[in-house]
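# Summary of structural features
Each chain is listed here by its residues.
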Amino acid sequence: MAMRGGRGGQRQTEGDNYEQVIQIKRVSKKTQGGSLVSFAALVVTGDKKGMVGLGLGKAPNVADAIKKAVRLANRNLVKIPVVNGTIPYQVKEKFGAAHIILKPAPKGTGIIAGGSVRAIVEAAGITDVVSKILGTNNKLSNSYATFKALKAAENLRKKHDFLKEYTATLTNKSNKSK
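## Considering the nonpolar core
Val44, Val52, Leu102 and Ile126 are the most contacted members of the largest nonpolar core, which totals 30 residues. The element contributing the most residues to this core is helix α3 (residues 139-177), with seven residues. Residues contacting valine 44, with those up to four places away along its chain left out, are Tyr18, Glu19, Gln20, Ile22, Val52, Gly53, Leu54, Ala119, Ile120 and Ala123. By size, the runner-up hydrophobic cluster in this structure holds ten residues, among which are Ala59, Ala65, Ile66 and Val70.

Here it is, written out as structure tokens:
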């Protein structure tokens, strides 16, 4: 199973699927009868070909929390545009106190990113990217901000493709009228 902390918590499962535990937290809740202890696991899954998902699972033990997080991450998969191993546009995104900046990088640069951003970008199959985390050291906030930034890159890609098609149809109509 996945290891806690460090970079050893990754594993290959079911062919091309990739999953990595980003964080495991022990959560304690005070109740009338004492303390209720549970665990929260933050997991990223992907196929290293542009699909990536993020899940947060909570359960009374670590193994169940990880299973639940993997299930939620697989349900939450998003297609990310990967062009020559990098993202097509620079993206700035905010989630809570976390500010994330993702910039495309030339081939051979590698992944220049902090812990949670690196895990998500690797799961997406991006090989060259430069990133900066501003505002907080919270892995949960940074992970959600990175996921939001990658979704924003996908939305920019869709807008770009739409505008490309639209201008092509406009130029075709203007050429036919002449």
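This is not the end of the story, as more comes after the structure.
## Quick word on the side chain of threonine 136
Tracing the backbone shows threonine 136 in the loop between β9 (129-134) and α3. Contact partners of threonine 136, with chain neighbours within four places excluded, come to Ala97, Ala98, Ser141 and Asn142.

## Description of the sheet that holds strand β7 (residues 98-104)
Across the sheet, which stays open at both edges, the four strands sit in the order β6-β7-β9-β8 with mixed pairing between neighbours. Both edges of this open sheet fall to β6 (91-95) and β8 (111-112), since each of them pairs with a single strand only. Here β8 pairs with β9 via two bridges, running parallel. Pairing of isoleucine 111 across the sheet is with valine 129, part of β9.

What counts and what doesn't
- Residues numbered from 1 in each chain as written.
- Predicted model: local features only at pLDDT ≥ 70, side-chain atom pairs only at ≥ 80, totals over all residues.
- Heavy atoms only, no water.
- Core = buried A, V, L, I, M, F, W, Y, C linked by side-chain atoms within 4.5 Å.
- Buried < 20%, exposed > 50% of the residue type's maximum accessible area, 1.4 Å probe, protein only.
- Helix = DSSP H or I, 4+ residues; strand = E, 2+ residues; numbered from the N terminus.
- Contact = heavy atoms within 4.5 Å.
- Pairing = 2+ DSSP bridges.

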